[in-house]
Amino acid sequence: MTSGDTLAFRTCDVFTEDRYSGNPLAVVAGADGLSDGAMQRIAGEFNLSETIFVQTPDDPQNTAKVRIFTPVGELPFAGHPTIGCAILLAEDAAGKGDFSATIRLEERAGLVPVEVRRAGGRIHATLTAPVVPFAVDIPVSAQDAAAALGLDPHAIGFGAHRPGVAEGGPRFVFVPVDSLDSLAWAVPTGEAFAALEARVGADGLYLYTTGTDADYRGRLFAPNGGILEDPATGSATACLAAHLDACGEVPDGTTDLVLHQGIEMGRPSRLMLGIDRGNGALTAVRVGGSAVRVGEGTLEPPAA
């Protein structure tokens, strides 16, 4: 990339059909000539939870290679950038009208196939996680979780649901809470939160409880990753499958769940979670949702 070149970008809101809700995303095209440092600086400039950079695929049978950056670092896999980018690329190829397409994105965590479908003017994409998520055997007590979130220890857990850790590229601490009120009251509490996240090696804490018009409602805090709260987190949703399985909540066969996130921060999001389980183990995990375009423009790339 030479001096004077500009990069095209678009923004969209993901895991929603309504603009200015869901999780905002920046998609930067033609990023082959960008260094890692340049991509990180651009992501910091957008200051969204993630920015995705589209490059030429290593394998021409795939649609694109992508790199995903938060304001402070790179991620091997993330759900809302994958869904949003796949929808934009599919729409670019299909034009107007209904269609069904498979977008294949090369991510650091592996190849991610995304099924994109538009019918009756409504668009939906479903990704298959590149790594089947798995539970991590690191104990998290109700007392530690409560201290990290400013809650009473009695608010932690419900039914068979207890705190735990799961990984599928990124790693998350999962904290079930007893009510929507407890979910709303939770706040990351500085040193206690940072200590738990560091001990576990986690990329964030995901709280959840049963929802009123969804199977679960969740919140994701990752202040040490530059994201105080995320409106919708596809990677954490995928890893939730492994945590639910560890709690004994996933039967053999296919389980389909609806999750809401972002309600408490005014950016409601709707995520679909599909879980395949056979012979006592998870075999595949899918995350789905919609996206809507918001804006577009060009940017001057940084020198490095």
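The structure displayed is predicted, hence computed values, not measured ones.

### Quick word on the overall build of the chain
Then, number 1: Scanning the chain for helices and strands turns up six helices and 18 strands.
Then, number 2: Here the C-alpha atoms of the chain give a radius of gyration of 19 Å, agreeing with the 19 Å that 2.2 N^0.38 yields for 304 residues.
Then, number 3: Summarising its shape, the C-alpha atoms of the chain cover approximately 60 × 40 × 35 Å along the three principal directions.
Then, number 4: By sequence separation, contacts in the chain at least 24 residues apart represent 64% of the contacts at least 6 residues apart.
Then, number 5: Accessible surface for the chain amounts to roughly 12,500 Å². Of this, 50% is attributable to carbon and sulfur atoms.

### Regarding the packing of aromatic side chains
Then, number 1: Evaluated as defined, the whole model comprises seven aromatic pairs.
Then, number 2: Aromatic side chains Phe53 and Phe69 sit 5.8 Å apart centroid to centroid with 85 degrees between the ring planes, which places their arrangement in the edge-to-face category. A residue pair is termed long-range when its members are at least 10 positions apart, and Phe53 in strand S3 (residues 51–55) and Phe69 in strand S4 (residues 64–69) qualify at 16 residues.
Then, number 3: Seen in terms of ring centroids, Phe174 and Tyr206 are 5.5 Å apart; in terms of plane orientation they differ by 55 degrees. Their pairing is tilted. With Phe174 in strand S11 (residues 171–176) and Tyr206 in strand S12 (residues 205–210), this residue pair connects regions lying 32 residues apart in the sequence.
Then, number 4: By relative accessible area, which is 0% here, Phe174 ends up buried.
Then, number 5: When its relative accessible area of 0% is taken as the criterion, Tyr206 is described as buried.
Then, number 6: Through a chain of ring-to-ring contacts, three or more aromatic side chains come together here, namely Phe158, Phe172, Phe174, Tyr206, Tyr208 and Tyr216.

### Looking at the side chain of Ser235
Then, number 1: Along the polypeptide, Ser235 turns up in helix H6 (residues 234–246).
Then, number 2: If near-sequence neighbours (up to four positions away) are discounted, Ser235 is found in contact with Phe77, Ala78, Gly79, Pro170 and Phe172.

### Observations concerning unusual backbone geometry
Then, number 1: In this structure, Phe15 is a non-glycine residue whose phi angle is positive, near 65 degrees.
Then, number 2: Looking at the element boundaries, Phe15 is found in the loop between strand S1 (7–14) and strand S2 (23–28).
Then, number 3: A relative accessible area of 1% places Phe15 in the buried class.
Then, number 4: The phi dihedral of Tyr20 is positive, around 70 degrees, even though this residue is not glycine.
Then, number 5: Here Tyr20 falls in the exposed class, since its relative accessible area comes to 59%.

### Regarding the pairing of strand S8 (residues 122–128)
Then, number 1: Alternating residues of S8 divide into Ile123, Ala125 and Leu127, all buried, and Arg122, His124, Thr126 and Thr128, none buried.
Then, number 2: Here six bridges tie strand S7 (residues 110–119) to S8, and the two strands are oriented antiparallel to one another. In the sheet register, Val116 faces S8, and the bridge partner there is Ala125.
Then, number 3: As consecutive antiparallel partners, S7 and S8 are separated by two residues, and within that stretch Gly120 has a phi angle of approximately 60 degrees, a positive value.
Then, number 4: The sheet contact formed by S8 and strand S17 (residues 281–289) spans four bridges and is antiparallel. Note that in S17 the partner of Ala125 across the bridge is Gly289.

### With respect to helix H1 (residues 36–46)
Then, number 1: The complete set of buried residues in H1 reads Ala38, Met39, Gln40, Ile42 and Ala43.
Then, number 2: In this structure, the buried residues of H1 make contact with S1, S2, S3, S4, strand S5 (74–75) and strand S18 (291–299).
Then, number 3: Within two residues after H1, Asn47 carries a phi angle of roughly 55 degrees, on the positive side.

### So, the nonpolar core
Then, number 1: Counting residues in each nonpolar core, the largest one holds 58 residues, and the members touching the most others are Val114 and Val116.
Then, number 2: Every residue in contact with Val116, bar those within four places of it in the chain, is listed here: Ala86, Ile87, Ala90, Phe99, Ser100, Ala101, Ile103, Ile123, His124 and Ala125.
Then, number 3: Val136, Val173, Phe193 and Leu207 belong to the second-largest nonpolar core, a separate cluster that totals 21 residues.

Scoring rules and cut-offs
Residues numbered from 1 in each chain as written. Predicted model: local features only at pLDDT ≥ 70, side-chain atom pairs only at ≥ 80, totals over all residues. Heavy atoms only, no water. Helix = DSSP H or I, 4+ residues; strand = E, 2+ residues; numbered from the N terminus. Rg over C-alpha atoms; globule rule 2.2 N^0.38 Å. Contact = heavy atoms within 4.5 Å. Areas by Shrake-Rupley, 256 points an atom, 1.4 Å probe, with all protein chains shown as cover. Phe/Tyr/Trp six-rings, centres within 6.5 Å; stacked < 30°, edge-to-face > 60°. Buried < 20%, exposed > 50% of the residue type's maximum accessible area, 1.4 Å probe, protein only. Pairing = 2+ DSSP bridges. Core = buried A, V, L, I, M, F, W, Y, C linked by side-chain atoms within 4.5 Å.

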